[in-house]
Amino acid sequence: MDLLALADFNLVARHGGFGRAARAAGRPKATLSRRVADLEQSLELRLFERGTRSLKLTEEGRALFERTGALLAELDETVTAIASGGERPRGPLRISAPLYFAQAGMGKLAAGFALKYPQVRLEITTEDRVVDMIEEGYDLIIRVNPSSDENLIGRIVLRDRLVVVANPRLARPTDNVPVAAVIRRAGDRGPVWSVRSAAGRSGIAVDPVLSLSSLFMVRDAVRAGVGVGRLPISLVERDIRDGTLVHWGDIDGPEVELWALYPSRRLLSARVSAFLDYLKEAFPTGTSQDLSAFVAT
């Protein structure tokens with residue numbers, strides 16, 4: 001197979017069109033079109049569905065792009081590293097991170113990583129949705145309690161737990177009387193939050209009176225006395241210690257795990273390995289105390 005033609009195919013697939021690929025690479029559009037057509041002829045496969053105004057990968061084209069795009073990037077990175085005389089990380093690194101972790105520490109992490117590895121062009125996007133790493137071009141995704149995926153492997157970065165907290169002035173109700181609650185999303189609505197405490201397991205009936213899109217916003221509203229909140233201990237550990245918030249118990253459920261994930265069929269690039277090592281340095285024990293201390297400093 002012609003590797004140059006394969007590289008041109010990946011260039012066009014990544015940019016979604018011959019014109020955009022030509023402008024991005026500074027190459028003639030006609031040359032890219034001819035090289036892709038030659039590749040299709042050699043494989044006896046149609047890789048793109050060509051419309052008058054659109055270009056779409058066929059099923060075979062998508063499979064080829066997913067399987068070869070990362071390998072070509074690694075090959076290019078290896079050649080660059082050898083030519084420069086070392087394995088110093090360089091080049092683009094795209095990461096997707098969940099909202100809370102991004103707000104809590106990703107800015108500080110990204111700045112420290114950029115200072116340590118100035119030849120890496122780091123790009124971080126914040127989103128809680130499930131992303132397609134290959135389709136959307138991510139090198140690494142960070143997710144909370146991700147579902148199993150045979151195409152992804154990774155490691156746990158942090159462990160956390162959810163707790164119920166309230167302003168000290170808010171009295172804990174008895175006889176299952178609902179208490180005002182500040183929630184982040186519909187799944188927090190209840191109507192009863194099961195909690196564990198020194199006294200055993202119990203339920204807290206809640207009446208959601210305020211819904212906010214950020215855990216930091218929820219914490220601030222709970223601090224103000226609007227109602228109880230269900231929050232990561234890493235976010236409110238200092239408040240509990242200082243008496244700003246009162247701990248009503250731990251949410252009775254699975255532990256919160258933050259994972260760093262990458263495609264299982266890829267060798268780890270120097271950039272991804274360096275970022276994973278940097279996460280380990282930042283959170284050496286992988287506990288909520290690590291994140292709490294990181295945010296505090």
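Here, every reference points to the structure presented above.
Definitions and limits used
Residues numbered from 1 in each chain as written. Predicted model: local features only at pLDDT ≥ 70, side-chain atom pairs only at ≥ 80, totals over all residues. Heavy atoms only, no water. Pairing = 2+ DSSP bridges. Helix = DSSP H or I, 4+ residues; strand = E, 2+ residues; numbered from the N terminus. Axes fitted to C-alpha atoms, helices over the stretch in contact; angles between N-to-C directions. Parallel < 35°, antiparallel > 145°, perpendicular 65-115°, else oblique. Left-handed = near helix turned anticlockwise from the far one by under 90°. Contact = heavy atoms within 4.5 Å. Nonpolar A, V, L, I, M, F, W, Y, C, P; charged D, E, K, R; others polar. Salt bridge = Lys/Arg side-chain N within 4 Å of Asp/Glu carboxyl O. Buried < 20%, exposed > 50% of the residue type's maximum accessible area, 1.4 Å probe, protein only.

### A word on the sheet that holds strand E13 (residues 256-263)
Backbone-to-backbone hydrogen bonds join strands into a sheet, with any given pair of strands oriented parallel or antiparallel. One open sheet holds the five strands; their spatial order is E4-E3-E5-E13-E6, and the pairing between them is mixed. Looking along the sheet, the strands with just one partner apiece sit at the ends: strand E4 (120-126) and strand E6 (152-160). Pairwise comparison of adjacent strand axes, ignoring direction, gives a mean angle of 20° for this sheet. When strand E5 (residues 140-144) meets E13, the two strands line up antiparallel, connected through four bridges.

### So, the packing of helix H5 (residues 99-116) against helix H9 (residues 270-282)
In a packed pair of helices, the relevant descriptors are the angle between the two axes and the axis-to-axis distance. Two elements in contact, H5 and H9, have axes separated by 11 Å at closest approach and are oriented at 120°. Between H5 and H9, the angle is such that the two are oblique. Taken as a pair, H5 and H9 cross one another with a handedness that is right-handed. Between H5, through Phe101, Met106, Leu109, Gly112, Phe113 and Lys116, and H9, the contact on the second element is made entirely by Arg271, Ala274, Phe275, Tyr278, Leu279, Glu281 and Ala282. The residue inventory of the contact of H5 with H9, partitioned by class, reads nine nonpolar, one polar and three charged.

### Focus: the pattern of salt bridges
Going through the model one piece at a time under the given rule, you end up with 16 salt bridges. For Lys116, the salt bridge goes to Glu281, with nearest N and O atoms at 3.3 Å. In this pair, Lys116 sits in helix H5 while Glu281 sits in helix H9, placing the two residues 165 residues apart along the sequence. A relative accessible area of 35% places Lys116 in the partly exposed class. Of the charged contacts in the structure, one is a salt bridge between Arg161 and Asp250, with a shortest N-O distance of 2.8 Å. You can see Arg161 sitting in the loop between E6 and strand E7 (162-166) and its partner Asp250 sitting in strand E12 (residues 246-251), a full 89 residues away along the chain. Within the structure, one salt-bridge network assembled from shared partners comprises Arg219, Asp220, Arg223 and Asp239.

### So, the packing of helix H8 (residues 233-242) against helix H10 (residues 288-296)
In the contact formed by H8 and H10, the axes pass within 8 Å of each other and the chain directions differ by 70°. Looking at the two axes, H8 sits roughly perpendicular to H10. In this structure, H8 meets H10 at a crossing whose hand is right-handed. Each of Ile233, Ser234, Glu237 and Arg238 in H8 lies in contact with H10, whose residues at this interface are Ser288, Gln289, Leu291, Ser292 and Ala296.

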